[in-house]
Amino acid sequence: MSDDDIRTRADERRRLLAELELERNQLIRNIETCRIRDIERPFIGEWSVKDIVGHVASWEAEVVTAIRELREGRRPELYDFNRSRLDEWNREHVERKRSLDFFSVLDQLKDGRHRLLEELANVPDEELVDEGSRYRKLLMAVTDHDREHWHAIAARLAGMEGARRTGAQSIIEEATS
């Protein structure tokens with residue numbers, strides 16, 4: 001592999017991680033823009049802001065597990081997720097976090113990102129950045145998931161519910177496509 005190839009892959013890694021950070025920062029900014037009353041009461045559909053944060057944190061934890069399984073040479077359980085259970089899974093995981101205070105759920109979101117970055121640090125550039133890479137698909141699924149939810153929050157704040165979809169239908173679909 002030439003020095004140019006190594007530099008190109010390193011540059012692409014930095015670009016992907018910068019995009020991941022950008023989308024998360026926008027999500028956090030939009031969450032911070034919400035009114036305190038929206039933290040615990042329905043904000044988008046039946047979900048409060050806290051529910052949305054918990055949902056994003058839960059899916060990111062699943063992706064961290066999938067990356068770890070891939071690095072260990074195992075097929076991620078996420079790849080065998082029964083898509084017909086998606087709505088049920090989302091409801092169950094949101095419900096599990098309902099008894100927690102908002103800042104605990106927000107801490108889970110922040111801690112999950114830290115764990116994701118730790119896992120990604122152990123993935124070689126070529127395995128992360130190559131088109132079609134399983135790691136890249138998982139990384140992009142998380143990036144798009146953050147984008148989807150910050151767009152929905154922004155649309156709600158602007159009184160324009162029904163924000164356009166920005167990615168795959170779900171992390172499952174994007175990660176396994």
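Preceding this paragraph is the structure being described.
Residues numbered from 1 in each chain as written. Predicted model: local features only at pLDDT ≥ 70, side-chain atom pairs only at ≥ 80, totals over all residues. Heavy atoms only, no water.

Enquirer: Can you lay out the environment of Ser104 for me, pointing to particular residues and giving the numbers?
Expert: Residue placement: Ser104 occurs in helix H4 (residues 102-121). Considered as a pair, Ser104 and Lys50 are 54 residues apart in the sequence and their alpha carbons are 9.7 Å apart. (Helix = DSSP H or I, 4+ residues; strand = E, 2+ residues; numbered from the N terminus.)

Enquirer: Any details on the nonpolar core? Residues and values, ideally.
Expert: Ranked by size, the top nonpolar core spans 27 residues in total, and within it Trp59, Val63, Ile67, Leu78, Leu116 and Leu138 carry the most contacts. For this core, the elements supplying multiple residues, two or more each, are helix H1 (3-33), helix H2 (49-71), helix H3 (86-97), H4, helix H5 (125-129), helix H6 (134-157) and helix H7 (171-176). Sequence-distant contacts of Leu138, defined by excluding residues within four places in its chain, comprise Val63, Ala66, Ile67, Leu70, Leu78, Tyr79 and Ala175. Of all hydrophobic cores here, the second largest spans 19 residues; its members include Leu27, Ile28, Val49 and Ile153. (Core = buried A, V, L, I, M, F, W, Y, C linked by side-chain atoms within 4.5 Å. Buried < 20%, exposed > 50% of the residue type's maximum accessible area, 1.4 Å probe, protein only. Contact = heavy atoms within 4.5 Å.)

Enquirer: How would you sum up the packing of H2 against H3? Please name residues and give values.
Expert: The geometry of H2 relative to H3 is characterised by a closest axis approach of 9 Å and an angle of 115° between their N-to-C directions. Of the possible angle classes, the one that applies to H2 and H3 is roughly perpendicular. As H2 runs across H3, the sense of the crossing is right-handed. On H3, the residues touching Lys50, Asp51, Gly54, His55, Ser58, Trp59 and Glu62 of H2 are Leu86, Trp89, Asn90, His93, Val94 and Lys97. Residue composition of the contact of H2 with H3, by class: four nonpolar, five polar and four charged. (Axes fitted to C-alpha atoms, helices over the stretch in contact; angles between N-to-C directions. Parallel < 35°, antiparallel > 145°, perpendicular 65-115°, else oblique. Left-handed = near helix turned anticlockwise from the far one by under 90°. Nonpolar A, V, L, I, M, F, W, Y, C, P; charged D, E, K, R; others polar.)

Enquirer: If you had to explain the pattern of salt bridges to someone new, which residues and values would you point to?
Expert: Within the structure shown, the criterion is met by 24 salt bridges. Across the pair Glu40 and Lys50 runs a salt bridge whose closest N-O atoms are separated by 3.3 Å. Pair noted here: Glu40 is in the loop between H1 and H2 and Lys50 is in helix H2, with a separation of 10 residues, a long-range link. One continuous salt-bridge network, built from bridges that share partners, spans Glu12, Arg15, Glu19, Glu23, Glu131, Arg136, Asp144 and Arg147. (Salt bridge = Lys/Arg side-chain N within 4 Å of Asp/Glu carboxyl O.)

Enquirer: So what's going on with the packing of aromatic side chains? Residues and values would help.
Expert: For the structure shown, the criterion picks out four aromatic pairs. Consider the rings of Trp59 and Trp89, whose centres lie 4.0 Å apart with planes at 35°: the pair is tilted. With Trp59 in helix H2 and Trp89 in helix H3, the pair connects residues that are 30 residues apart, well separated along the chain. Since its relative accessible area comes to 2%, Trp59 is described here as buried. By relative accessible area, which is 7% here, Trp89 ends up buried. Residues Phe102 and Phe103 carry aromatic rings whose centres are separated by 5.3 Å and whose planes lie at 75° to one another, so their mutual orientation is edge-to-face. Joined through ring pairs, the aromatic side chains of Trp59, Phe81 and Trp89 make up one cluster. (Phe/Tyr/Trp six-rings, centres within 6.5 Å; stacked < 30°, edge-to-face > 60°.)

Enquirer: If you had to explain the packing of H2 against H4 to someone new, which residues and values would you point to?
Expert: Direction vectors running N to C along H2 and H4 enclose 25°, while the axes themselves pass 9 Å from each other. With respect to their mutual orientation, H2 and H4 come out roughly parallel. When you trace H2 past H4, the crossing you get is left-handed. Side by side, H2 and H4 meet where Val49, Lys50, Val53, Gly54, Val56, Ala57, Glu60, Val63, Val64, Ile67, Arg68 and Arg71 of the first sit next to Phe102, Val105, Leu106, Gln108, Leu109, Gly112, Arg113, Arg115, Leu116, Glu119 and Leu120 of the second. Class assignment for the residues of the contact of H2 with H4 results in 13 nonpolar, three polar and seven charged.

Enquirer: An account of H6 is needed here, citing residue identities and associated values.
Expert: Its 24 residues place the ends of H6 35 Å apart at the C-alpha level, agreeing with the 34 Å of an ideal helix rising 1.5 Å per residue. The element H6 is largely enclosed, with a buried count of 18 among its 24 residues. Its side-chain oxygen at 3.1 Å from the backbone nitrogen of Tyr135, Ser133 defines the N-terminal cap of H6. Positioned one or two residues after H6, Gly159 has a phi angle of 75°, which is positive. (Expected span 1.5 Å × (residues − 1). Polar contact = N/O pair within 3.5 Å; in protein donor to acceptor, adjacent residues only side chain to side chain.)

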